[in-house]
Amino acid sequence: MDYGRKRIRELSSKYRIPLIFGLCLLPSLMLGYLWQASKGSWLNSKISLLCETQRYKTDLLDGLPEIELPRMVYTKPHIFKPPRNDVLTMTPWYAPIIWERTFNLEILNEQFRQRNTSIGLTIFAIKKYVVFLQRFLETAETYFMVGHRVKYYIFTDRPEAIPNITVKEGREIVPLRVQNYPRWQEISMRRMEMISHYSQQRFIHEVGFLVCVDVDMRFSDSVGVEILSEVFGTIHPGFYAAERQAFTYERRLISEAYIPRDEGDFYYAGGFFGGTVAEVYKLTKKCHEAIMADKNKNVEAVWQEESHLNKYFVYHKPTKILSPEYLWDNNLGNPQFLKKKRFLAVPKNHAAIRNKRNLHLK
Ligand SMILES: CC(=O)N[C@H]1[C@@H](OP(=O)(O)OP(=O)(O)OC[C@H]2O[C@@H](n3ccc(=O)[nH]c3=O)[C@H](O)[C@@H]2O)O[C@H](CO)[C@H](O)[C@@H]1O
Ligand SMILES: [Mn+2]
């Protein structure tokens, strides 16, 4: 015990001066630090306040467009009574699949009307395919986007063959003269190039959405704004129940459209897709570039641009998907789940319409 006290006394006398010095230095260092810190943060906040008021406009959130529905009376949705339980109405990435009974067109029409925008429908009628225009346009006038502003963009090598149809108010036929190609496959594929080109040059200034369809078709029931979304595709009527392995995706590795056997969600049809002009531009540009890359390798995908579209949708998931109601072929019968047939394939004699023989449409 004694030894311990003695030792402490010895040590404290030895280190007295440095100890006192240290004890004085510590508070002054702390004070100095606090002063610096407070001075710094004050200065910093002054600077950032100045920067922010310079960088940002303060009225950005004022005067935003508002969509406000009027009073509407309709059956309320019910958590335990889904309108459809016989079909898939939502993908795993939460994109709705559009079927009859799942939407209220009155709400959607009102919302769309208040957005004050319009729809461009792109149709290609090259060489003999002009024969399909009359029926296509007449049925579109009855069923397509009724009550909304529509521009029919008709890509053709024969503008003089466009039938003279009077369209309803707010609707317009816009002929776009384009070149033709000898092979039907080339004509079909080049649609990607032409849509992307015109999206950049023209459509982006004229319409909000683009809907891109085949011309050998007729509308037979309502096709309205329920189909519109950032980017949408349509389930091909021949493959809605098929397993992945049965999808006719491009399976050759050499093609840009190649999809491995363990990937893919649906088989989408080449004859009906769309979205905002910006999204359709991105889609068609990418597909066209892939088609050109294949061409350089002397490859053509098994289902031309439809194969490339399917590849695109594996890695850029559509934000909405149209059920086969939106693309049906009467040769496929009348399955129970199909409550409406909205857009139907017109029977065609493939050999006659795609080559130089004379054509007699049914
Ligand atoms: C309903 C559907 O999903 N159809 C697709 C399917 O064949 P389809 O047999 O339906 O192809 P198709 O003969 O209708 O050709 C596609 C489209 O290209 C245009 N065209 C074609 C040839 C011609 O001489 N003039 C002309 O204007 C026309 O708009 C036609 O609708 O596969 C094609 C690619 O192989 C396309 O992906 C189609 O979109
Ligand atoms: Mn077709």
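All figures in this text were calculated on a predicted structure; none of them were measured in a lab. (Residues numbered from 1 in each chain as written. Chains lettered and ligands numbered in written order. Predicted model: local features only at pLDDT ≥ 70, side-chain atom pairs only at ≥ 80, totals over all residues. Heavy atoms only, no water.)

### Side note on the pairing of strand 7 (residues 231-235)
- Among the five residues that make up strand 7, five are buried, leaving the element largely enclosed by the rest of the structure.
- Relative to strand 8 (residues 268-276), strand 7 runs antiparallel, the two being bridged by four bridges. Note on strand 8: the bridge partner recorded for Gly233 is Phe273.
- Pairing between strand 7 and strand 9 (residues 320-322): three bridges, direction parallel. Bridge pairing in strand 9 links Phe232 to Lys320. (Buried < 20%, exposed > 50% of the residue type's maximum accessible area, 1.4 Å probe, protein only. Helix = DSSP H or I, 4+ residues; strand = E, 2+ residues; numbered from the N terminus. Pairing = 2+ DSSP bridges.)

### Re the site of ligand 1
- Close to ligand 1 lie 21 residues; Phe124, Tyr129, Gln304, Glu305 and Arg354 are nearest.
- Separating an oxygen atom of ligand 1 from a side-chain N or O atom of Glu305 is a distance of 2.5 Å.
- Within the complex, 92% of the 720 Å² of free accessible area of ligand 1 lies under protein.
- Residue assignment for the shell around ligand 1 shows that the elements contributing at least two residues are strand 2 (119-125), helix 5 (184-206), strand 8, helix 7 (304-315) and helix 8 (350-354).
- Among the residues forming the shell around ligand 1, the class breakdown is nine nonpolar, five polar and seven charged. (Near = heavy atom within 4 Å. Polar contact = N/O pair within 3.5 Å; in protein donor to acceptor, adjacent residues only side chain to side chain. Areas by Shrake-Rupley, 256 points an atom, 1.4 Å probe, with all protein chains shown as cover. Nonpolar A, V, L, I, M, F, W, Y, C, P; charged D, E, K, R; others polar.)

### Focus: the packing of aromatic side chains
- Applying the stated rule across the entire model yields 24 aromatic pairs.
- For the ring pair Phe112 and Phe209, a centre distance of 6.1 Å and an interplane angle of 45° mean the geometry is tilted. Of this pair, Phe112 sits in helix 3 (residues 105-115) while Phe209 sits in strand 5 (residues 209-213), placing them 97 residues apart in sequence. By the burial criterion, Phe112 is buried, and Phe209 matches it.
- Between Phe272 and Phe343, the ring centres sit 5.5 Å apart and the planes meet at 75°, which makes this aromatic pair edge-to-face. (Phe/Tyr/Trp six-rings, centres within 6.5 Å; stacked < 30°, edge-to-face > 60°.)

### Let's talk about the coordination of the manganese ion (ligand 2)
- Within the protein, the manganese ion (ligand 2) binds to Asp214 (OD), Asp216 (OD) and Asp216 (OD); these donor distances fall in the range 2.1 to 2.4 Å.
- You can call Asp216 buried: its relative accessible area is 8%. (Donors = N, O, S within 2.8 Å, 3.2 Å for Na, K, Ca; no water.)

### Some thoughts on the pattern of salt bridges
- For the structure on display, the rule yields 22 salt bridges.
- The partner of Glu305 in a salt bridge is Arg191, with the nearest N and O atoms 2.9 Å apart. With Glu305 in helix 7 and Arg191 in helix 5, this residue pair connects regions lying 114 residues apart in the sequence. No difference in accessibility class separates Glu305 from Arg191, as the two residues are buried.
- Here Glu279 ties to Lys282 by a salt bridge, and the two come within 2.9 Å at their closest N and O atoms. Residue Glu279 and its partner Lys282 are both found in helix 6 (residues 277-296); the two are separated by three residues, about one turn of the helix.
- The structure contains a network of salt bridges with shared partners spanning Arg183, Glu186, Arg190, Glu193, Lys295 and Glu300. (Salt bridge = Lys/Arg side-chain N within 4 Å of Asp/Glu carboxyl O.)

### A closer look at the environment of Phe337
- Among the secondary structure elements, Phe337 is positioned in the loop between strand 9 and strand 10 (343-345).
- A relative accessible area of 16% means that Phe337 is categorised as buried.
- With 253 residues separating them in the primary sequence, Phe337 and Arg84 have C-alpha atoms 9.4 Å apart.
- When sequence neighbours within four positions are dropped, the list of residues in contact with Phe337 reads Arg84, Asp86, Val87, Trp99 and Tyr240. (Contact = heavy atoms within 4.5 Å.)

### Structural notes on the UniProt feature "binding site: UDP-N-acetyl-alpha-D-galactosamine" (unreviewed entry) in the chain
- Mapped onto this numbering, the UniProt entry annotates "binding site: UDP-N-acetyl-alpha-D-galactosamine" (unreviewed entry) at Phe124, Ala125, Ile126, Tyr129, Asp214, Val215 and Asp216. Despite a sequence span of 93 residues, these residues sit close together in the fold, their greatest C-alpha distance being 11.4 Å.
- Residue placement: Phe124 occurs in strand 2.
- In this structure Phe124 touches Phe155, Arg191, Met194, Ile195 and Val215, once residues within four positions along its chain are discounted.
- In this structure, Ala125 sits in strand 2.
- Setting aside anything within four residues of it in sequence, one finds Ala125 in contact with Val130, Leu133, Phe155, Thr156 and Asp157. (UniProt positions renumbered as here; feature names shortened; annotations may be inferred.)

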